[in-house]
Amino acid sequence: MTELKNDRYLRALLRQPVDMTPVWMMRQAGRYLPEYKATRAEAGDFMSLCRNAELACEVTLQPLRRYPLDAAILFSDILTIPDAMGLGLSFGAGEGPRFARPVTCKADVDRIPVPDPEDELRYVMDAVRTIRRELKGDVPLIGFSGSPWTLATYMVEGSGSKAFTVIKKMMYTEPQTLHALLEKLAQSVILYLNAQIRAGAQSVMIFDTWGGVLTGQDYQQFSLDYMHKIVDGLLRENDGRRVPVTLFTKGGGQWLEAMAATGCDALGLDWSTDIADARRRVGDKVALQGNMDPSVLYAPAARIEQEVAAILAGFGHGEGHVFNLGHGIHQDIPPEHPGAFVDAVHRLSVPYHR
Ligand code: CP3
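Residues numbered from 1 in each chain as written. Predicted model: local features only at pLDDT ≥ 70, side-chain atom pairs only at ≥ 80, totals over all residues. Heavy atoms only, no water.

Participant: Help me out: how do you make sense of the overall build of the chain in this one?
Facilitator: A tally of helices and strands in the chain yields 15 helices and 11 strands. What you see for the chain is a C-alpha radius of gyration of 19 Å, in line with the 20 Å of a compact globule of 354 residues. Burial analysis of the chain (354 residues in total) assigns 58% to the buried set. By sequence separation, contacts in the chain at least 24 residues apart represent 73% of the contacts at least 6 residues apart. Surface summary for the chain: the accessible area is close to 13,800 Å², and the carbon and sulfur share equals 50%. (Helix = DSSP H or I, 4+ residues; strand = E, 2+ residues; numbered from the N terminus. Rg over C-alpha atoms; globule rule 2.2 N^0.38 Å. Buried < 20%, exposed > 50% of the residue type's maximum accessible area, 1.4 Å probe, protein only. Contact = heavy atoms within 4.5 Å. Areas by Shrake-Rupley, 256 points an atom, 1.4 Å probe, with all protein chains shown as cover.)

Have a look at this one:
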């Protein structure tokens, strides 16, 4: 087993005792950091940055140099899988992702390959190996993937969406086509995450950013069932240590019991769910990660501290909390503010662990 100097994050996910609440931030590497923008300019564009293991490692480490975060997250994207499936991914300036060849019918689904993670996605595994080497055991490395449903929204819509009418039309007129796509994605995600774990990811997180746009019944059938399948297919131990799995459905606060029943170790919460209520509902089964509104980071340090204190008090005394934002950090947050946030979590959480 490789020694870790700080394993608070892994211990909290397994609901084991810690000295203070661990904290990291969703999308902690990114455009709010001037050093990120400089490295991205050096790479040329976003996907070239993801494909260059040394530069991906550099931007992964940038937020850790500024703030005493308790985990690093692989610098990559959830859309690497659809890209490896041949859909032609591009990121237009200021536009978000776009696919040149979206999935429109069953024949498209049948044509799509399940990517070999050590071939088409080898650059991701190389980044994982490089980051683990450079972290030198300081903090654990988180690997990640999108959920099948969330990946399918981009693949069928062809870009980001607000109303998801294209994929919902498929869902209600050709459900078998969508199920075939989700099945292929679930198989691809299992291979992809297991390869990240073998390459050195010490926990994995599944981002279901768009599960919350579904009805309860559709969420179960088109998103949660496939995440459950993934949880069942994952390596749960590597290098002599349990590899915790976190599920995050944005807007999924009403379905926490069903999510916890998948056998995952932790649930990510957005800020629309009360963390005290979440703990009462599922806290004896899973750890909880979250859940400060990322917009609080616009506020001065005293206001950030107030919000951190309220969330810590909401979770209460004892184990099983990883502090985080309820979604990704905004790109215009002043880079000093996350410092006040991380410091407040560490300082104010100590009494809750005595
Ligand atoms: O520190 C980290 O967390 C970095 C790794 C990371 C990125 N994307 C880098 C990225 C992670 C974990 C993601 C996940 C991701 N990607 C999600 C799920 C999490 C969430 O935010 O809901 C989703 C839905 C995507 C898809 C995606 N990638 C979109 C919609 C966009 C464009 C929007 C935007 O923020 O520009 C991206 C691009 C992207 N992924 C950037 C980064 C840093 C910005 C690219 C740039 O440098 O211009």
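Participant: What is the right way to read the pairing of strand 11 (residues 321–325) from this model?
Facilitator: Both faces of the sheet carry side chains from a regular strand, because those side chains alternate between them. Burial of strand 11 is extensive: five of the five residues sit out of reach of the surface. Here strand 11 shows two buried faces, one formed by His321, Phe323 and Leu325 and the other by Val322 and Asn324. The sheet contact formed by strand 10 (residues 287–292) and strand 11 spans five bridges and is parallel. Residue pairing in the sheet places asparagine 291 in a bridge with asparagine 324 of strand 11. As a crossover connection, the stretch from strand 10 through helix 14 (residues 301–315) into strand 11 is right-handed. (Pairing = 2+ DSSP bridges. Right-handed = clockwise from strand over helix to strand, strands pointing away.)

Participant: How should the sheet that holds strand 11 be read in this particular structure?
Facilitator: Sheet strands associate in pairs through backbone hydrogen bonding, adopting either a parallel or an antiparallel arrangement. Strand order across the open sheet formed by seven strands is 1-4-5-8-9-10-11, with parallel pairing between neighbours. Each of the sheet's edge strands pairs with one partner strand only, and the pair in question is strand 1 (72–73) and strand 11. In this sheet, strand 5 (residues 203–208) lies alongside strand 4 (residues 141–146) in parallel orientation, the contact comprising five bridges. Bridging across to strand 5, glycine 146 finds its partner in phenylalanine 207.

Participant: Is there a simple way to think about the site of the ligand in this case?
Facilitator: Neighbouring residues of the ligand: 21 residues in total, closest Arg31, Tyr36, Arg40, Asp77 and His327. One of the side-chain N or O atoms of tyrosine 36 is found 2.5 Å from an oxygen atom in the ligand. In isolation the ligand has 860 Å² of accessible area, and contact with the protein removes 89% of it. Residue assignment for the shell around the ligand shows that the elements contributing at least two residues are helix 2 (34–43) and strand 3 (96–99). Classifying every residue of the shell around the ligand by side-chain character gives 12 nonpolar, five polar and four charged. (Near = heavy atom within 4 Å. Polar contact = N/O pair within 3.5 Å; in protein donor to acceptor, adjacent residues only side chain to side chain. Nonpolar A, V, L, I, M, F, W, Y, C, P; charged D, E, K, R; others polar.)

Participant: Can you help me understand the environment of phenylalanine 46 in this one?
Facilitator: As for its position among the elements, phenylalanine 46 is in helix 3 (residues 46–51). What makes phenylalanine 46 buried here is its relative accessible area of 12%. Sequence separation of phenylalanine 46 and alanine 56 is 10 residues, and the distance between their C-alpha atoms is 10.0 Å. Residues within four places of phenylalanine 46 in sequence aside, it is in contact with Tyr36, Arg40, Phe75, Ser76, Asp77 and Phe91.

Participant: Could you clarify how one ought to interpret unusual backbone geometry in this entry?
Facilitator: Cis geometry is adopted by the peptide bond preceding asparagine 291, which originates at glycine 290 and carries an omega value of -10 degrees. Assignment of secondary structure puts asparagine 291 in strand 10. A positive phi is found at lysine 136, a non-glycine position, where the angle reads about 50 degrees. Note on placement: lysine 136 falls in the loop between helix 7 (122–135) and strand 4. You will see that phenylalanine 164, though not glycine, has its phi angle at about 55 degrees, which is positive. Relative to the assigned elements, phenylalanine 164 resides in the loop between helix 8 (148–157) and helix 9 (165–173). For phenylalanine 164, a relative accessible area of 3% gives the class buried.

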